[in-house]
Amino acid sequence: MAPLSHYLAVSAILFVIGTAGVLFRRNAIIVFMCVELMLNAVNLTLIAFSQFLGDQTGQILVFFVMTVAAAEAAVGLAIVIALFRNRQTVDIAKVNILKW
Amino acid sequence: MPPSSVPDLSSVARLVQAYSAYSLNGFVPEVILVGGFLIAILLDVFTRRAKSKSISIYFAIVVLAMAGIASAFQWQPFVAGQPWKPGHLIFPYSQTLFIPMVHESVLERGYAMAVVDNFSVFFKLLISVAGIFMLLMSLASQELRERSRRLGEYSSLIIGMCVGLYLMPASLDLTMMYISLELVSIAGYILAGFSRDTEHGAEAALKYIMFGALSSGLMIYGFSLFYGLTGTTNIIAIREVLALNPATHTGANFYILWIATILALVGMGYKISAVPFHFWTPDVYEGAPTPVTAFLSVASKAAGFGLLIRFLIFVFPEGTKTAAPVLDWQTALAIGSIVTMTFGNLAALLQTNVRRILAYSSIAHAGYMMAALVVGKADGTVAIMIYLATYLFMQIGVFYAVMLIANKIGSEEIDDYRGLMTRTPLVSSAMVIFLLSLTGIPLTAGFIGKFYLLAAVLTPDAATHSLPWLWLAVGVIVNSVISLYYYLRVAAAMFLKRPLRDMALERAGQTAPPLPAIQFGVPVSALLLALIVPILVLGVYFQPLVDFASGVVRFFNFDNIRY
């Protein structure tokens, strides 16, 4: 079996990819996909720790994270649709009538 | 683990059974809210006509009032000389905990999802009051009246949001912190985009959910690192493991602990809109319906501070200087506090839209409260609670005044506020009182909040008799002076400046007929007075509030936090 550090490294890389995607991608739908990637990286970390520690708490937390991710994606896509109806675009860079 | 300390299964089962009955007693306000949420959805189905939809708002007011009363009953009066009692625990657990279990039983140590102590009761009351004011405000809102077909979902979402807000300051477990925070956030995303048919509304919701999803993702990654370091998700157990096991905070693990702490603070900092997680604030405050803005800026910020206090003070009870296992989070937070208040105030100076000014000023207020959080301990916590209680009235009040004016003149630009004093003296004077209170002028509630906050920041160090946070206090004072400029700019526009239209006509050589007066009904004025009176009363008679807040932290037992 692969040691704990391998799982942690993979999940850390996934997490960084997800975070970078949220910060730098301009398409709102891709941004939400990157958020899912971040949350899945978290799940992988939790499962790896849970297996390593022989403790179930982390696995329980994973279920909650998955539920929240689903709810967040549902609301997020609904908001993207509402925005698309107004603007005919899902490009974040073009969504800036509200200035800083 | 020696076998003698492992209780046999039947006794564990008995304990859990006895305790879950016990813990549901503490869960009554949340049960009322959840029941109310379900009934509100049904109510929405059974009211057909758009006109009768506003009944769901009245229903939500009743539910919040009942939940508030139920949480008031959970208050445990402090009797001097009596031993300190822990609160009710909600969903205690013991079986899955992976820590070296030491002699005392699990139940006495507070390994539970949430706790009902006076601290959480204080926040529940605060949130109920804010929610009731916000719903009363919604009745007068033009934005909501135009969308009255969807009022049922509006009020049920607010009740649902309150469940999360109630649980946030009560959480004792990272799982509960995450769930309650997300409950608040997801309801908040929908409410922020309630006017989704306008460009501003949809854009506000998108910005809110993007920053929200990012910061909650960072936060839960931090939580997973905490879990990996300590093997538990309970914040009290985390503290004990950090104290008992030096391996968790030495060597490379020290840096991992720092990363985990900072990532966890990102999610909470986003809720209280601290720099640099504030980007959503101005856009959401401008794009969301005004009552929602008021509610987010008060209730969600209050619950965020409750969560932060619980997390920081429970996991890292004292600074590095005294206790071995913790980080020097106080200096990091102090820098964050200064940056937050300075940025909020400087950015507010540049705005021309009143709502955006208030959004940046709410960032600055978060900075002030973070300054008290730096001090931690009893003084800082009392100061934050007093500040939040006073902040509730002035912030909801000022947004209410902005909403009333926007209903009539259809604008929130500072130039359109010129000469409003002659047109609507009541709302203009009320607005000035709220703005003065936000600045912290004496005889208003805002002064009391600032006073206790500065007193807490300027507490001398017990050992060295020096003032460790003098520079922070200076920062708060300088920032309060800066804030005076933009608050009074709004007041001056209403009281001293003449409308632009009149000036233009005069230059053309014509005499301008005065702009028509703006009339408001009795209920609207009554609510305005209901917000002004507490501000003026708390400005002179604040002892009950101070006693109330001090009673909360007595139960916290700061010298020796344990459950």
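Rules and cut-offs
Residues numbered from 1 in each chain as written. Chains lettered and ligands numbered in written order. Predicted model: local features only at pLDDT ≥ 70, side-chain atom pairs only at ≥ 80, totals over all residues. Heavy atoms only, no water. Helix = DSSP H or I, 4+ residues; strand = E, 2+ residues; numbered from the N terminus. Rg over C-alpha atoms; globule rule 2.2 N^0.38 Å. Buried < 20%, exposed > 50% of the residue type's maximum accessible area, 1.4 Å probe, protein only. Contact = heavy atoms within 4.5 Å. Salt bridge = Lys/Arg side-chain N within 4 Å of Asp/Glu carboxyl O. Core = buried A, V, L, I, M, F, W, Y, C linked by side-chain atoms within 4.5 Å. Patch = residues over 30% accessible without salt bridge, like charges linked within 9 Å, V, L, I, M, F, W, Y side chains within 5 Å. Areas by Shrake-Rupley, 256 points an atom, 1.4 Å probe, with all protein chains shown as cover. pLDDT = per-residue confidence, 0-100. Polar contact = N/O pair within 3.5 Å; in protein donor to acceptor, adjacent residues only side chain to side chain. Nonpolar A, V, L, I, M, F, W, Y, C, P; charged D, E, K, R; others polar. Phe/Tyr/Trp six-rings, centres within 6.5 Å; stacked < 30°, edge-to-face > 60°. Lys NZ or Arg CZ within 6 Å of the ring centre and 35° of its normal. Axes fitted to C-alpha atoms, helices over the stretch in contact; angles between N-to-C directions. Left-handed = near helix turned anticlockwise from the far one by under 90°. Parallel < 35°, antiparallel > 145°, perpendicular 65-115°, else oblique. Expected span 1.5 Å × (residues − 1). Bend = angle between axes of the 7 residues up to and from the residue.

A short note on the overall build of chain A
- Scanning chain A from terminus to terminus reveals three helices and zero strands.
- Order of helices (α) and strands (β) in chain A, N terminus to C terminus: α-α-α.
- The C-alpha atoms of chain A give 17 Å as radius of gyration, which overshoots the globular expectation for 100 residues (13 Å, by more than 25%).
- By its C-alpha atoms, chain A is 50 × 25 × 25 Å across when sized along the principal axes.
- Counting the 100 residues in chain A, one finds 44% classified as buried.
- Contacts spanning at least 24 positions in sequence make up 51% of the contacts within chain A whose residues lie at least 6 apart.

What about the overall build of chain B?
- Each helix and strand in chain B was counted, giving 23 helices and two strands.
- Relative to its 563 residues, chain B shows a buried fraction of 60%.
- In chain B, the share of contacts with a sequence separation of at least 24, taken over all contacts with a separation of at least 6, comes to 80%.

Notes on the pattern of salt bridges
Residue and element names in this part refer to chain B.
- Scanning the model with the defined rule gives 19 salt bridges over all chains in all.
- A salt bridge links K53 to D44; the nearest nitrogen and oxygen atoms lie 2.8 Å apart.
- The exposure class of K53 is buried, given its relative accessible area of 7%.
- Overall, D44 belongs to the partly exposed group, its relative accessible area being 23%.
- With a closest N to O distance of 3.9 Å, E153 and R150 form a salt bridge.
- Taking relative accessible area as the criterion, E153 reaches 30% and is therefore assigned partly exposed.

Let's talk about the nonpolar core
Residue and element names in this part refer to chain B.
- Ranked by internal contacts, the top residues of the largest apolar core, which has 219 residues, are Y154, F223, F226, F311, Y400, Y417 and M431.
- The element best represented in this core is helix α16 (residues 377-409), accounting for 21 residues.
- In this structure, Y154 is in contact with I57, M134, S138, L144, L191, F194, P291 and V292, ignoring residues within four places of it in sequence.

Some details on a nonpolar patch on the surface
All names here are of chain B.
- Among the surface-exposed residues, L443, L529, V533, V537, V540 and Y541 lie close enough to one another that they form a single nonpolar patch of about 590 Å² accessible area.
- Locating L443 in the fold gives a position in the loop between α18 (425-439) and α19 (445-457).
- Note on L443: relative accessible area 58%, which makes it exposed.

Quick notes on the confidence of the model for chain B
All names here are of chain B.
- A residue-level look at chain B finds 87% of positions with pLDDT of 70 or above and a mean pLDDT of 85.
- Per-element confidence in chain B is highest for helix α3 (residues 55-72), whose mean pLDDT is 95, and lowest for helix α4 (residues 106-109), whose mean pLDDT is 52.
- Ignoring residues within four places in sequence, the model shows residues 1-7, a span with pLDDT below 50, making four contacts including any to other chains.

Examining the interface of chain A and chain B
- Listed per partner, the contact involves 41 residues of chain A and 45 residues of chain B.
- Connecting chain A to chain B are two salt bridges.
- Counting across the interface, chain A meets chain B through six residue pairs in polar contact (both at pLDDT 80 or more).
- Here the element with the most residues in the side of chain A that touches chain B is helix α3 (residues 57-87) of chain A; it accounts for 16 residues.
- Considered class by class, the residues forming the side of chain A that touches chain B number 29 nonpolar, eight polar and four charged.

Brief notes about helix α10 (residues 235-244) of chain B
Residues and elements named next belong to chain B.
- In terms of burial, α10 is a largely internal element, eight of the 10 residues being buried.
- Buried residues of α10: I235, I236, A237, I238, R239, E240, V241 and L242, and no others.
- Capping of α10 at its N-terminal end is provided by N234; its side-chain oxygen lies 2.8 Å from the backbone amide nitrogen of I236.

Here we look at the packing of aromatic side chains
Residue and element names in this part refer to chain B.
- A full pass over the atoms with the stated rule returns 24 aromatic pairs over all chains.
- With 5.6 Å between their ring centres and 80 degrees between their planes, F122 and F123 make a pair best called edge-to-face.
- Owing to a relative accessible area of 0%, F123 belongs among the buried residues under this scheme.
- A centroid spacing of 5.2 Å and a plane angle of 55 degrees characterise the contact between Y154 and F194, whose relative ring orientation is tilted. Here the residue Y154 occupies a position in helix α7 (residues 151-167), and F194 occupies one in the loop between α8 (174-192) and α9 (199-230), the gap between them amounting to 40 residues. Note on accessibility: Y154 and F194 belong to one class, buried.
- Every member of this aromatic cluster is reached through a ring pair, and the members are Y189, Y208, Y270, W280, Y285 and F399.
- The lysine or arginine in question, R150, covers the ring of F194, its NZ or CZ lying 4.5 Å from the ring centre.

A word on the packing of α9(B) against helix α12 (residues 280-287) of chain B
Residues and elements named next belong to chain B.
- Put simply, α9 and α12 touch, their axes get as near as 8 Å, and they point 145 degrees apart. As for the relative orientation of α9 and α12, their crossing is left-handed in sense. Residues H200, G201, A204, K207, Y208 and F211 of α9 touch α12, and the partners they reach there are W280, D283, V284, E286 and G287.
- Partitioning the contact of α9 with α12 into residue classes produces five nonpolar, three polar and three charged.

Some thoughts on the packing of helix α5 (residues 118-139) of chain B against helix α22 (residues 522-540) of chain B
Residue and element names in this part refer to chain B.
- Relative orientation of the contacting elements α5 and α22 amounts to 155 degrees, with a least axis distance of 10 Å. When the axis of α5 is compared with that of α22, the two are roughly antiparallel. Regarding α5 and α22, the two cross each other, and that crossing is left-handed. For the pair α5 and α22, the contacting residues are F133, L136 and M137 in the first and L527, A530 and L531 in the second.
- Among the residues forming the contact of α5 with α22, the class breakdown is six nonpolar, no polar and no charged.

Details of unusual backbone geometry
- In this structure, the amide linkage connecting V275(B) to the following residue, P276(B), adopts the cis form with an omega of 5 degrees.
- The residue P276(B) is located in the loop between α11 (252-271) and α12 in this model.
- In the Ramachandran plot, Q88(A) falls in the positive-phi region, its phi being about 60 degrees despite a non-glycine side chain.
- As for its placement among the helices and strands, Q88(A) is situated in the segment after α3.

A word on the environment of I92(A)
- Along the chain, I92(A) turns up in the segment after α3.
- For the pair I92(A) and A28(A), spaced 64 residues apart in sequence, the C-alpha separation works out to 6.1 Å.
- Once residues lying within four places of it in the same chain are set aside, the contact partners of I92(A) are R25(A), R26(A), N27(A), A28(A), V31(A) and M210(B).

A word on helix α20 (residues 470-495) of chain B
- The terminal C-alpha atoms of α20(B), which comprises 26 residues, lie 37 Å apart, in line with the 38 Å expected from a rise of 1.5 Å per residue.
- The largest bend along α20(B) measures about 25 degrees and falls at L488(B).

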